Amino acid sequence: MIPITDLLSRFKNLSNTEKMKKILISEIISGVVPVLVNDKEVSFVKKTIFLKIHPLKKTEILLKKTEILEKLKRIESLAYFSNIQ
């Protein structure tokens, strides 16, 4: 019989992967726009990135949306994102 910890061990990496994607997204956004975005303010569903930040900061980011999405497409694990809201 396989212990339950062995079965659940593969799910530990899923949260780390999601956290890593959020960190990468926030770094790319901060590299393009002079706005600091915390990885806790980033979430995503399917192909859309959601930002839970102040509307003024979000507007500045959305003005550079195409440039940010182009930089995301250069990273294989983030290439599927097609929208920022």
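Preceding this section is the structure that the text describes.
Only a predicted model underlies this, so the values are computations on that prediction, with no experimental measurement involved.

Enquirer: Even after reading the chapter, I still don't get the pairing of strand β1 (residues 42-45), so can you show me in this structure?
Expert: Two faces, one strand: in a regular strand the side chains alternate between the faces of the sheet. For β1 and strand β2 (residues 48-51), the ladder comprises four bridges, and the chain directions are antiparallel. In the strand pairing of β2, Val-42 is matched with Leu-51. Two successive antiparallel strands, β1 and β2, enclose a turn made up of two residues, where Lys-46 displays a positive phi of approximately 55 degrees.

Enquirer: Can you walk me through the nonpolar core in this structure?
Expert: Judged by nonpolar contacts, the single largest core of 19 residues is most densely connected at Ile-25, Ile-49, Leu-51, Ile-61, Ile-68 and Leu-72. Among the elements of the structure, α1 (4-32), β1, β2 and α3 (65-73) are those that each provide at least two residues to this core. Looking at which element gives the most residues to this core, the answer is α1, with four residues. Among all residues touching Leu-72, those that are not within four sequence positions of it are Ile-25, Ile-28, Ile-49, Leu-78, Ala-79 and Phe-81.

Enquirer: I would appreciate a short explanation of the side chain of Ser-43 in the present structure.
Expert: If you trace the backbone, Ser-43 turns up in strand β1. Aside from chain neighbours lying at most four places away, what touches Ser-43 is Lys-22, Thr-48, Ile-49, Phe-50 and Lys-52.

Enquirer: Looking at this model, I keep getting lost on the pattern of salt bridges. Mind explaining?
Expert: Side chains bearing opposite charge may pair, as long as their charged atoms lie close to each other. The final tally for this structure, using the stated rule, is two salt bridges. We note a salt bridge from Lys-22 to Glu-18, for which the minimum N-O separation is 3.6 Å. Placement of both Lys-22 and Glu-18 in helix α1 is noted, with a separation of four residues, approximately one turn of the helix. Given the relative accessible area of 19%, Lys-22 is considered buried. The exposure class of Glu-18 is partly exposed, given its relative accessible area of 39%. Residues Asp-39 and Lys-19 are paired through a salt bridge, measuring 2.8 Å at the closest nitrogen-oxygen approach. Note that Asp-39 is positioned in the loop between α1 and β1 and Lys-19 in helix α1, a separation of 20 residues in sequence.

Rules of the game
Counting of residues starts from 1 at the beginning of each chain's written sequence and follows it residue by residue. Totals for whole chains, interfaces and linings use all residues, but because this is a predicted model, local features are given only for residues with pLDDT of at least 70 and pairs of side-chain atoms are given and counted only at 80 or more. Processing note: side-chain calculations cover all non-hydrogen atoms of the structure and skip hydrogens and water entirely. Pairing between strands is defined by DSSP: at least two bridges between the two strands are required. Only DSSP runs of H or I with at least four residues qualify as helices, and only runs of E with at least two residues qualify as strands; both kinds are numbered from the N terminus onward. Throughout, nonpolar core names a set of buried Ala, Val, Leu, Ile, Met, Phe, Trp, Tyr and Cys residues whose side chains join them through atoms within 4.5 Å. With a 1.4 Å probe rolled over the protein chains alone, any residue whose accessible area is under 20% of its type maximum counts as buried; one over 50% counts as exposed, and the rest are partly exposed. Pairs of residues are marked as contacts when any of their non-hydrogen atoms sit within 4.5 Å. One speaks of a salt bridge when a side-chain nitrogen belonging to Lys or Arg is within 4 Å of a carboxyl oxygen belonging to Asp or Glu.

Purely geometric stuff here, so don't read any function into it on its own.
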